[in-house]
Amino acid sequence: MEILSSVVNKVFQLSRLSKNVQRTRRMEEKALEVYDVIRTIRDPEKPNTLEELDVVTEKCVEVQDLGDDEYLIIIRFSPTVPHCSLATLIGLCLQVKLQRCLPFKHKLEIYITEGTHSTEEDVNKQINDKERVAAAMENPNLREIVEQCVTEPDD
């Protein structure tokens, strides 16, 4: 009887381990899906993409399962210089493109990678404030710049 109990315990442990591996794999796939969306965003000042400038990398995207087919997406991007005046605009472009392009339910948090910008706390607050993002997108000049950055070259 003790051997049977031990075998049953092992089977349950392996089953849980298998589910964790599947969940981890699913989160990695979602993270790659998110990265594929943001890597082509163009820098507001330069003719390069955020990927080409190493502003975003695969490692900067984290996805967590919130249940009910909803995910928390956390992005940590690194501006090219610590005093980048367009960091908030880059964050806005990330917000807009992900809201438009992701085919699954999600919550979004975007941050500047710690230690990569002189005013990271202020910028983080701005780019995660839904009211500020909505107000920014009502500005026609800002909206046009965002559109230029997030539109794919063959759109």
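Each chain carries its own residue numbering, running from 1 in the direction its sequence is written. pLDDT decides what is reported in this predicted model: residues at 70 or higher carry local features, side-chain atom pairs at 80 or more are listed and counted, and totals for whole chains, interfaces and linings draw on all residues regardless. Hydrogen atoms and water are omitted, and side-chain values are computed over all heavy atoms in the structure.

Q: Sorry, what's going on with the side chain of histidine 106 here?
A: Secondary structure is summarised from DSSP: a helix means a run of H or I of at least four residues, a strand means a run of E of at least two, and numbering begins at the N terminus for each. One can find histidine 106 in strand 3 (residues 105-112). For histidine 106, a relative accessible area of 16% gives the class buried. A polar side-chain atom of histidine 106 sits 3.5 Å from a polar atom in the side chain of glutamine 99. What makes two residues a contact is simply this: any of their non-hydrogen atoms within 4.5 Å. If sequence neighbours within four positions are ignored, histidine 106 has contacts with Glu70, Tyr71, Ile73, Leu98 and Gln99. A simple rule labels every residue: compare its accessible area, found with a 1.4 Å probe on the protein chains alone, to the largest value its type can have, and call it buried under 20%, exposed over 50%, or partly exposed in between. Definition of a polar contact: a pair of N or O atoms within 3.5 Å, with one able to donate and the other able to accept a hydrogen when the atoms are protein atoms, and with sequence-neighbouring residues admitted only if both atoms are side-chain atoms.

Q: Would you take a moment to explain the pattern of salt bridges for this structure?
A: Close approach of charged atoms allows side chains of opposite charge to pair. A pairing counts as a salt bridge when a side-chain nitrogen of Lys or Arg comes within 4 Å of a carboxyl oxygen of Asp or Glu. Counted according to the given criterion, the structure contains 7 salt bridges. Across the pair lysine 30 and glutamate 33 runs a salt bridge, and its minimum N-O distance is 4.0 Å. Of this pair, lysine 30 and glutamate 33 both sit in helix 1 (residues 2-38), separated by 3 residues, roughly a single helical turn. Given the relative accessible area of 16%, lysine 30 is considered buried.

Q: Could you clarify how one ought to interpret the nonpolar core in this entry?
A: As a rule of thumb, nonpolar side chains are buried together in soluble globular proteins. By size, the foremost hydrophobic cluster in this structure holds 40 residues, and its most contacted members are Val34, Ile38, Val56, Val61, Ile75, Phe77 and Leu94. Secondary-structure elements contributing two or more residues to this core are helix 1, strand 1 (61-67), strand 2 (70-77), helix 2 (87-101), strand 3, helix 3 (120-127), helix 4 (130-138) and helix 5 (140-150). Excluding its chain neighbours within four sequence positions, the residues that come into contact with valine 56 are Tyr35, Ile38, Arg39, Leu50, Glu51, Phe77 and Leu94. Residues belong to one nonpolar core when they are buried, are Ala, Val, Leu, Ile, Met, Phe, Trp, Tyr or Cys, and are joined through side-chain atoms within 4.5 Å.

Q: In this structure, what is going on with the sheet that holds strand 2? I would like to understand it.
A: Within a beta sheet, neighbouring strands are joined by backbone hydrogen bonds and run either parallel or antiparallel to one another. When DSSP finds at least two bridges between two strands, those strands are taken to pair. The strand order across the open sheet formed by 3 strands is 1-2-3, and the pairing between neighbours is mixed. What marks the edges here is a single partner per strand, and that holds for strand 1 and strand 3. Adjacent strand axes in the sheet meet at a mean angle of 20 degrees, parallel and antiparallel pairs treated alike. In terms of strand pairing, strand 1 meets strand 2 through 6 bridges, oriented antiparallel. Among the inter-strand pairings, valine 61 is bridged to a residue of strand 2, identified as isoleucine 75. Under this scheme, a helix contributes an axis fitted over its contacting stretch, all axes are lines through C-alpha atoms, and angles between N-to-C directions fall in the 0 to 180 degree range. Packed on one face of the sheet, helix 2 meets strand 2 and strand 3 and runs near 165 degrees to strand 3. Contacts between helix 3 and the sheet are confined to strand 2 and strand 3, with strand 3 contributing the most and set at about 160 degrees to the helix.

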